[in-house]
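Letter by letter, the chains look like this.
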Amino acid sequence: MDSISLAQARRIALAAQGLDRPRPAAAGPVTMRRLTAEVSRLNLLQIDSVNVLARAHLVPLYSRLGPYDVGLLDRASGSAPRKLVETWAHVASFVPVTTYPLLEWRRRRYQDEAWGAIAGAPLAHAAEVDLVRGMVAERGPVTAREIHDELEAAGRTAPRSREEWGWNWTVAKRCLEFLFFTGEVMSARRNSAFERCYDLPERVLPPAVRAAGPVPDDEAVRRLLELGARAHGVGTARCFADYFRLRGPAVKRALAELVEEGTLEPVEVEGWAERTYRHRAARLPRRATARTLLSPFDPLVWERRRLEALFDVYYRIEIYVPAPQRTLGYYVLPFLEGDAVTAMVDLKADRQAGVLRVQAAHATAHATADTAAALGAELDVLGGWLGLGTTSVAPAGDLAADLAGAVRAA
């Protein structure tokens, strides 16, 4: 069994995620080919409704490609022939169309894989589910709001109340999300309010994907586990399974098969007690030289125990933590500098004022004398991509004063 140092494991992980090298120089705009190639490397882009800085699925591509036209993602996922589609993968995610068939078993097993509001919809709202299914077939693409308004006008549901926000869904939304989870309807696109526009799969999926035969469950789990391992480069079975939120005996069988065929090889990582594996396609660069900010929903950081084991930093998203109890801030992005996470910055896009607001800036134990200047330069690029003219640094956090000076210099 090979032994690798923790530093080598970090570089393998960064290379697998496309984060070991500086972003491409501005030799021209990011093309659709480059963008879809990067999504294929990551396998998925997590979707989240929080928009305090930018939509969650947009930032991982910025981290790797630099400033790009976000309209490319809209076209890739909202115009035929689609290259990306929405489904439940890690959580709600954009995935390459070739990955969609590998998740059919999850859609079929909605009673075990979905949570109560979705899994219980066919029993709690059986008549409404049938109605909504027919309305999407007749009128799609259509939003949950439009479906609700029709049901309300027909006297089939109560009027929308002010309490219906977040996960407190209307009946129409619950029915649509059940149909979406099971694959009976899909998201044809997102509108300007970031609402899903639901339609039938035959009007969303490319013909080649629709014509493909079903993938046996065990094969699908094995291929998904391999994609998670490829995206991580090195890690534990837990790391690989978490990528697509896989669980159960099928994962153990898939892992054993991937090891037996040589796709995964056991390795010892310095300081790790858990059994660890390296993907045979993993690359070990001599150095890691990227400098970039990472979304809280970036695949490199979303498995927090893995992040702590690899980079020796403690990081948790604190959106749902009461403000007085937060340690780092509301929407905190780690700053990757080479092969170290050197800072944590709480960022907000003040679109009305045209200002990128740094609510707090904290140095980690791995910060260097150059961290403030490097982070200041990165904020300048980020602000430009977001269309924000200036950056303002609040005096909160041990890096704030130095960062404010760097921002003024930039």
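Above this text you will find the structure in question.
The notes below deal with the structure included here. These numbers were taken from a predicted model, which means no experiment stands behind them.

1. Re the overall build of the chain
Each helix and strand in the chain was counted, giving 18 helices and 14 strands. Taking 410 residues into account, the globule formula puts the C-alpha radius of gyration at 22 Å, and the chain, at 22 Å, falls close to it. Based on the C-alpha atoms only, the size of the chain along its principal axes is roughly 65 × 55 × 45 Å. Considering only intrachain contacts with a sequence separation of at least 6, the fraction spanning at least 24 residues in the chain is 66%. Looking at the chain, you have 53 positive and 50 negative side-chain charges, and the mean spots of the two groups are 3 Å apart.

2. Overview of helix α10 (residues 144-153)
Within α10 the residues assigned to the buried category are A144, I147, H148 and L151. The buried residues of α10 all sit within an arc of 100° when viewed along its axis, so they share a single face. The elements touched by buried residues of α10 are α9 (126-139), α11 (171-182) and β6 (196-199).

3. Some thoughts on the packing of α9 against α11
At a minimum axis separation of 9 Å, α9 and α11 run at an interaxial angle of 70°. Classified by the angle between their axes, α9 and α11 sit roughly perpendicular to one another. Between α9 and α11, the residues in contact are E128, V129, V132, R133 and V136 and V171, C175, L176, F178 and L179, respectively. Along the lines of polarity and charge, the residues of the contact of α9 with α11 split into eight nonpolar, no polar and two charged.

4. Overview of the sheet that holds strand β8 (residues 264-269)
The mixed open sheet is built from four strands, whose spatial order is β1-β8-β9-β7. Where the open sheet ends on each side, the last strands, each with one partner, are β1 (2-4) and β7 (234-236). Neighbouring strand axes in the sheet, compared pairwise and without regard to direction, differ in orientation by 45° on average. Bridge count for β1 against β8 is three bridges, and the pairing is parallel. Counted as the bridge partner of D2 is V267 from β8.

5. Description of the side chain of T236
Of note, T236 is situated in strand β7. Each residue touching T236, except ones within four places of it in the same chain, is listed here: E274, R275 and T276.

6. A few points about the sheet that holds strand β11 (residues 332-337)
The strand order β10-β11-β12-β13-β14 describes an open sheet built from five strands, whose pairing is mixed. In this open sheet, the two strands that pair with only one neighbour each are β10 (291-293) and β14 (390-393). Across the sheet, the axes of successive neighbouring strands diverge by a mean angle of 30°, strand direction being ignored. As defined by bridge partners, strand β13 (residues 355-363) adjoins β14 across four bridges and the pair is classed as parallel. Paired with V355 across the strands is T390, a residue of β14. With respect to the sheet, helix α17 (residues 371-385) is in contact with β10, β11, β12 (340-350), β13 and β14, its orientation differing from that of β10 by roughly 60°. Of the strands in this sheet, β12, β13 and β14 are in contact with helix α18 (residues 400-409), which crosses β14 at around 160°.

7. A short note on unusual backbone geometry
Look at the link from A80 to P81: it is a cis peptide, with omega at -10°. Turning to its location among the elements, P81 is positioned in the loop between α4 (71-78) and β3 (84-88). Cis geometry marks the peptide bond from G140 to P141; its omega dihedral reads 0°. Note on placement: P141 falls in the loop between α9 and α10.

8. Considering the environment of V70
Residue position: V70 is located in the loop between α3 (59-65) and α4. For V70, a relative accessible area of 31% translates into the label partly exposed. Not counting residues within four places of it along the chain, the set of residues in contact with V70 comprises L58 and W385.

9. Section: the pairing of β3
Among the five residues that make up β3, five are buried, leaving the element largely enclosed by the rest of the structure. Across the two faces of β3 the burial is the same, with L84, E86 and W88 and V85 and T87 all buried. In this structure, β3 lies alongside strand β4 (residues 92-96), joined through five bridges in antiparallel fashion. Paired with V85 across the bridge in β4 is V95. Taking the residues between adjacent antiparallel strands as the criterion, β3 and β4 are bridged by three residues.

10. Observations regarding the environment of A114
Residue position: A114 is located in the loop between α6 (110-113) and α7 (116-119). Remark: the alpha-carbon pair of A114 and W88, spanning 26 residues in sequence, is separated by 9.3 Å. Sequence-distant contacts of A114, that is, excluding residues within four places in its chain, are made with A119 and F181.

11. Side note on the pattern of salt bridges
Counted according to the given criterion, the structure contains 31 salt bridges. Between E38 and R41 there is a salt bridge; the shortest N-O distance is 2.8 Å. A residue pair is termed a helical-turn pair when its members lie 3 or 4 positions apart in one helix, as E38 and R41 do in helix α2 (residues 32-42) at three residues. Judged by relative accessible area, E38 falls into the buried class, the value being 8%. Across the pair E274 and R238 runs a salt bridge, and its minimum N-O distance is 2.7 Å. Here R238 lies in helix α14 (residues 237-243) and E274 lies in the loop between β8 and β9 (276-279), a separation of 36 residues in the sequence. Because the salt bridges share partners, they merge into one network encompassing E86, K173, E177, R190 and R196.

Reading the values: the criteria
Residues numbered from 1 in each chain as written. Predicted model: local features only at pLDDT ≥ 70, side-chain atom pairs only at ≥ 80, totals over all residues. Heavy atoms only, no water. Helix = DSSP H or I, 4+ residues; strand = E, 2+ residues; numbered from the N terminus. Rg over C-alpha atoms; globule rule 2.2 N^0.38 Å. Contact = heavy atoms within 4.5 Å. Lys, Arg positive; Asp, Glu negative; His and termini not counted. Charge placed at Lys NZ, Arg CZ, Asp CG, Glu CD. Buried < 20%, exposed > 50% of the residue type's maximum accessible area, 1.4 Å probe, protein only. Arc of directions from axis to C-beta. Axes fitted to C-alpha atoms, helices over the stretch in contact; angles between N-to-C directions. Parallel < 35°, antiparallel > 145°, perpendicular 65-115°, else oblique. Nonpolar A, V, L, I, M, F, W, Y, C, P; charged D, E, K, R; others polar. Pairing = 2+ DSSP bridges. Salt bridge = Lys/Arg side-chain N within 4 Å of Asp/Glu carboxyl O.

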